[in-house]
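A look at the structure
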Amino acid sequence: MPEVTISIGGRNFEVSCQEGEESYLHSAAKMLDTEAQALASQIGRIPEPRMLLMAGLMLADKTAAMEDKVSSVEEQLSAVQAELIALQNKPAPAPERIEVPVVPPQVTDTLAEIAARTESIAAAIEDKSRAAD
């Protein structure tokens, strides 16, 4: 088991840990040291057991607050997932009916008249073209 030296509140401690967990131990010690340094700056020099107890309690308080936040976020996530599942299982909405305005009869009549005139002109041009040949 590796021996690791950590510093908390300006004091060094020799601690054993599992192989490969040294970085986790250093990280945890750094958090505890941050709390211990905050205590030392507010209160001054305090006995080691009391400093460690208070720093541990401060971290426990932060941990409890984070657990409450995680719990709240998990509840929100569950609600969003339930809403997503409900939306996915909801049948597709009926297609919307879109009505196109009807072309007024006078426009149809006018277009028919223009087509008839065009055909008449085309026939006249064909007749003249045949006569010229």
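As a starting point, this report considers the structure included with it.

Sheet topology note: the strand β1 (residues 3–8)/strand β2 (residues 11–16) ladder contains six bridges and is antiparallel. In the sheet register, I8 faces β2, and the bridge partner there is R11. Adjacent in sequence and paired antiparallel, β1 and β2 are bridged by two residues, among which G9 carries a positive phi angle near 60°.

In this section: the pattern of salt bridges. According to the stated counting rule, one finds four salt bridges in the structure shown. Here R117 ties to E113 by a salt bridge, and the two come within 2.7 Å at their closest N and O atoms. On the criterion of helical spacing, the pair formed by R117 and E113 is a turn pair, its members being four residues apart in helix α3 (residues 105–132). Take E113: its relative accessible area is 43%, and that puts it in the partly exposed class.

Ranked by internal contacts, the top residues of the largest apolar core, which has 14 residues, are V4, I6, I8, L25, L32, A36 and A55. Only β1, α1 (22–43) and α2 (48–89) provide two or more residues apiece to this core. Top element by residues in this core is α1. It accounts for five residues.

Inspection of the secondary structure puts G56 in helix α2. Between the C-alpha atom of G56 and that of R130, which follows or precedes it by 74 residues, the distance is 111 Å.

Cut-off values and rules
- Here the residue numbers are simple positions, counted from 1 along each chain's written sequence.
- Local features in this predicted model are restricted to residues of pLDDT 70 or higher, and side-chain atom pairs are both shown and tallied only at a pLDDT of 80 or more, whereas totals for entire chains, interfaces and linings draw on every residue.
- Working from all heavy atoms in the structure, the side-chain values ignore hydrogens and water.
- Any two strands with at least two DSSP bridges between them are considered paired.
- Going along the chain from the N terminus, every DSSP run of H or I of four or more residues is numbered as a helix, and every run of E of two or more is numbered as a strand.
- Salt bridges are counted wherever a side-chain nitrogen of Lys or Arg sits within 4 Å of a carboxyl oxygen of Asp or Glu.
- Only protein chains enter the accessibility calculation, which uses a 1.4 Å probe. A residue is then buried if its area is under 20% of the maximum for its type, exposed if over 50%, and partly exposed in between.
- The nonpolar core is taken to be a set of buried Ala, Val, Leu, Ile, Met, Phe, Trp, Tyr and Cys residues, with the residues joined through side-chain atoms within 4.5 Å.

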